[in-house]
Amino acid sequence: MSKKIKVGIIGNGGISGVHNSGYVKSGQAEVWALCDIKPDVLAAKSKVYNVPAERCFADHRALLKLKEIDAVSVCTPNKTHMSITLNALKAGKHVLCEKPMAMTPGEAQKMIDAAKAAKRKLQIGLMHRYRTDAGYVKGLVDSGALGKIYFARCQAIRRRGVPSWGVFGRLEEQGGGGLIDIGVHQIDLCWYVMGKPIPVAVSGQVYRTIGNTPGHFGMFGEWDWKTYTVEDFACGLVRFANGATMSIECSFIANLDQDREGCHIVGDKGGASLSPLSVQLETNGHLMDCTPRDFVTVDLHGKPADISIHELELASFVDAVQHDKPVFVPATETIWTQKIIDGIFRSAAAGKEVQIR
Ligand SMILES: NC(=O)c1ccc[n+]([C@@H]2O[C@H](COP(=O)([O-])OP(=O)(O)OC[C@H]3O[C@@H](n4cnc5c(N)ncnc54)[C@H](O)[C@@H]3O)[C@@H](O)[C@H]2O)c1
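What you are looking at is a predicted structure, and each value in this text was computed from that prediction instead of being measured.

Definitions and cut-offs
Residues numbered from 1 in each chain as written. Predicted model: local features only at pLDDT ≥ 70, side-chain atom pairs only at ≥ 80, totals over all residues. Heavy atoms only, no water. 1 Å grid on protein atoms, 1.4 Å probe; cavity = no way out; pocket = protein on both sides within 12 Å on 5 of 7 lines; lining within 4 Å. Points joined across faces, edges and corners; volume = space filled by probe spheres on them. Helix = DSSP H or I, 4+ residues; strand = E, 2+ residues; numbered from the N terminus. Nonpolar A, V, L, I, M, F, W, Y, C, P; charged D, E, K, R; others polar. Domains from an automatic or database assignment. Pairing = 2+ DSSP bridges. Contact = heavy atoms within 4.5 Å. Axes fitted to C-alpha atoms, helices over the stretch in contact; angles between N-to-C directions. Near = heavy atom within 4 Å. Polar contact = N/O pair within 3.5 Å; in protein donor to acceptor, adjacent residues only side chain to side chain. Areas by Shrake-Rupley, 256 points an atom, 1.4 Å probe, with all protein chains shown as cover. Sits in = over half its atoms within 2 Å of the grid points.

Examining the layout of surface pockets
Of the volumes computed, that of the largest pocket is approximately 1,000 Å³. Along the wall of the largest pocket there are 42 residues; nearest its centre are Ile15, Cys75, Thr76, Pro77 and Phe168. Counting residues per element, the ones that place at least two in the lining of the largest pocket are helix H4 (81–90) and helix H8 (178–194). Its residues placed into classes, the lining of the largest pocket shows 16 nonpolar, 18 polar and eight charged. Viewed by domain, the lining of the largest pocket spans two of them, domain 1 (5–128 + 306–329) and domain 2 (129–301 + 336–355), each represented by three or more residues. For the second largest pocket, the calculated volume is near 290 Å³. Along the walls of the second largest pocket sit 16 residues, with Ser26, Gln28, Leu300, His301 and Ala315 positioned nearest its centre. Those elements giving two or more residues to the lining of the second largest pocket turn out to be helix H1 (16–26) and helix H9 (309–322).

A short note on the sheet that holds strand S5 (residues 94–97)
Sheet architecture is open: six strands sit in the order S3-S2-S1-S4-S5-S6, paired in parallel fashion. Edge positions in the sheet fall to strand S3 (56–57) and strand S6 (122–124), since each has one partner strand and no second. Summarising the sheet, S5 and S6 pair through three bridges and their orientation is parallel. The residue of S6 that forms the bridge with leucine 96 is glutamine 123. Where helix H2 (residues 39–48) meets the sheet, it contacts strand S2 (29–35) and S3, and its direction lies at approximately 160° from that of S2.

Observations regarding the site of the ligand
Near the ligand you find 26 residues, and of these Gly14, Ile15, Asp36, Asn78 and Lys99 are the closest. With respect to the ligand, the backbone of isoleucine 37 contributes an N or O atom lying 3.5 Å from a nitrogen atom. Here the ligand has 850 Å² of accessible area as a free molecule, and 85% of this is covered by the chains. In this structure the site holding the ligand corresponds to the largest pocket. Those elements that provide at least two residues to the shell around the ligand are H4 and H8. Of the residues belonging to the shell around the ligand, the class tally is ten nonpolar, eleven polar and five charged. For the shell around the ligand, the two domains that each supply at least three residues are domain 1 (5–128 + 306–329) and domain 2 (129–301 + 336–355).

Brief notes about the sheet that holds strand S12 (residues 270–274)
Ordered in space as S14-S13-S12-S11-S7-S10-S9-S8-S15, the nine strands form an open sheet in which the pairing is mixed. In this open sheet, the two strands that pair with only one neighbour each are strand S14 (286–289) and strand S15 (354–355). Pairing between S12 and strand S13 (residues 278–283): four bridges, direction antiparallel. Residue glycine 271 lies in a different strand from S13, and its bridge partner there is glutamine 280. On top of the sheet, helix H6 (residues 132–143) reaches strand S7 (149–157), strand S11 (260–267), S12 and S13; it is set at about 165° to S12, its chief contact. Contacts between H8 and the sheet are confined to S7, strand S8 (199–207), strand S9 (233–240), strand S10 (245–251), S11 and S12, with S10 contributing the most and set at about 155° to the helix.

A short note on empty space enclosed by the protein
A water-sized probe, rolled over the atoms, reveals where empty space remains. Evaluated as defined, the whole model comprises two cavities of 30 Å³ or more. Within this model, the largest cavity holds a volume of roughly 40 Å³. As for the largest cavity, its lining consists of Thr213, Pro214, Gly215, His216, Glu222, Trp223 and Trp225. Taken together, the residues that form the lining of the largest cavity break down as three nonpolar, three polar and one charged. Here the second largest cavity is characterised by a volume of approximately 30 Å³. Every residue along the wall of the second largest cavity is listed here: Pro100, Met101, Ile124, Leu126, Val184, Thr334, Thr337 and Gln338. When the residues that make up the lining of the second largest cavity are grouped by side-chain class, the tally is five nonpolar, three polar and no charged. Mapping the lining of the second largest cavity onto the domain boundaries places at least three of its residues in each of domain 1 (5–128 + 306–329) and domain 2 (129–301 + 336–355).

Everything listed here is a matter of coordinates, which is why it stays silent on function.
Structure, rendered in structure tokens:
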């Protein structure tokens, strides 16, 4: 049995609880140190996560000085992902950075370059790739069962879903609204399942008509409309080098019939959807609904387990660090999702299709 790794969690708000419990449940990691700029948050999480006060820091650079720490989770607002990740890699730590990996593709590239230079792992928190149904549909695509994939539709639509905590409505802290916050998950998942085609051009538009006005209520209560500077709704069409296209619809706010989160993959032999899973294949001239039913979530070793995708993410990151394996969601891949998102914003600003760089 290899030695347990020691980890630090930087940023101890909402998502940090998932990282803490995922590390603990992996049985192979010890949450050794915490960092948060808010003293009250730090004091509370020190107790909840059982980390002594002398290993709780207000400045992440102090945490990174602890030689015994192998890896860190970066769970801070988007604006700080790059700078904290660069410092962590420079300090020789492996990094699991929350999504989106950065504010821009340029920042994302710097993170990739730093990980390569430091010879350290850099995984991004796009954990939908761990879904059993996603793995199944990816298997169908990879085996050719759906034929050539030429179209995909991905949606992350909330009708009234602006987070009422944190800085999710502030463009300068987040880099965008629903597109970069929740769209990032569905775009990455869809792109991954499609077979990771190379995007070459994007046309998109973004709208803000409601979020910055008073008197609206949502699934998380009232949000701070006065500081709301991100988009309500974003849409786009991505062209890939192999001729395929992907349509995107994402929102924090939209006057639509229902919330929707998922993707559809269309090939010339069949199609498949995620959330919910459905599979269509043509047999004897008829398009058949062929959705399998008996799915069991499995752990990293393929054994049936009661484990969430977040727990799988943490366990797999720990496994990669502990046994020097490649990470399952590498930054070198997730930068394409960042480029697609950036392309939608650039296209919206330019009023025309833009090339992906
Ligand atoms: N993968 C997922 O399912 C998922 C879910 C929620 C959030 N996230 C991502 O996690 C990140 C944090 O989201 P959250 O909901 O936990 O936000 P949050 O606002 O609840 O928590 C962020 C914490 O970071 C702290 N912080 C801010 N700047 C810091 C700095 N420089 N150093 C140390 N601490 C700092 C804040 O004080 C706060 O406690 C975001 O990037 C978000 O997109 C991912």
